[in-house]
Amino acid sequence: MFSHLTVGTHDLVRAAAFYDAVLTPLGIERVPSKYPSWASWRRPGEAQTFWVGLPFNKLPAHQGNGWMAAFSASSRKAVDEAYAAAISAGAEDEGAPGLRPHFAPNYYGAYVRDLDGNKIHFVCREEEATDTANPA
């Protein structure tokens, strides 16, 4: 549905390192950017792009209240790994990984604020896989 999503930063090097660590567990890779003050990521074979950059208008970057970037994860484990990578990279906890049944029965997500205060959400909407070889 979306073409791209962009968040601003005050420090592109720091923000790019943060998102490299956080998006890798979700299968999202950094791709070349035609703008020297911007970095971009996407999943292989997909067109939707996530951008982080210094604002074109040269005004300070700031987060808005009520908006967030939500990244799809292939599994609950990927949500857990992305959340752990974010916290390890300096993110602020906004909601540890867990089920959010008020959204949907299998909605599993986590929330953080990145290094510039932008709200980031990792979500898996799939039922957790069961280990058929070693049932609990």
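It should be emphasised that the depicted structure is a prediction, and the values quoted were computed from it without experimental measurement.

**Points about the overall build of the protein chain**
Argument step 1. A tally of helices and strands in the protein chain yields two helices and eight strands.
Argument step 2. Along the protein chain, helices (α) and strands (β) appear in the sequence β-α-β-β-β-β-α-β-β-β when read from the amino end.
Argument step 3. Over its C-alpha trace the protein chain gives a radius of gyration of 16 Å, about what one expects of a compact globule, namely 14 Å for 136 residues.
Argument step 4. Each principal axis of the C-alpha atoms in the protein chain carries an extent, and together these give about 55 × 30 × 30 Å.
Argument step 5. Across the 136 residues of the protein chain, 38% fall into the buried class.
Argument step 6. Pairs at least 24 residues apart make up 51% of the contacts formed inside the protein chain by residues separated by at least 6 positions.
Argument step 7. For the protein chain, the accessible surface area stands at approximately 8,100 Å², while carbon and sulfur atoms represent 55% of it.

**A short note on the sheet that holds strand S6 (residues 92-99)**
Argument step 1. Ordered by their spatial adjacency, four strands build an open sheet running S5-S8-S7-S6, and the pairing between neighbours is mixed. The open sheet is flanked by strand S5 (69-72) and S6, the only strands paired with a single partner. Pairs of neighbouring strands in the sheet enclose a mean axial angle of 15°, with direction left out of account.
Argument step 2. Here five bridges tie S6 to strand S7 (residues 108-113), and the two strands are oriented antiparallel to one another. Note that in S7 the partner of glutamate 92 across the bridge is arginine 113.

**Some points on the confidence of the model for the protein chain**
Argument step 1. The predicted model of the protein chain has a mean per-residue pLDDT of 89, with 93% of residues at 70 or higher.
Argument step 2. Ranking the elements of the protein chain by mean pLDDT puts strand S1 (residues 4-8) last, at 90, and helix H2 (residues 76-88) first, at 98.
Argument step 3. Confidence over residues 130-136 falls short of pLDDT 50; this stretch has zero contacts with residues more than four positions distant or in other chains.

About the cut-offs
- Residues numbered from 1 in each chain as written.
- Predicted model: local features only at pLDDT ≥ 70, side-chain atom pairs only at ≥ 80, totals over all residues.
- Heavy atoms only, no water.
- Helix = DSSP H or I, 4+ residues; strand = E, 2+ residues; numbered from the N terminus.
- Rg over C-alpha atoms; globule rule 2.2 N^0.38 Å.
- Buried < 20%, exposed > 50% of the residue type's maximum accessible area, 1.4 Å probe, protein only.
- Contact = heavy atoms within 4.5 Å.
- Areas by Shrake-Rupley, 256 points an atom, 1.4 Å probe, with all protein chains shown as cover.
- Pairing = 2+ DSSP bridges.
- Axes fitted to C-alpha atoms, helices over the stretch in contact; angles between N-to-C directions.
- pLDDT = per-residue confidence, 0-100.

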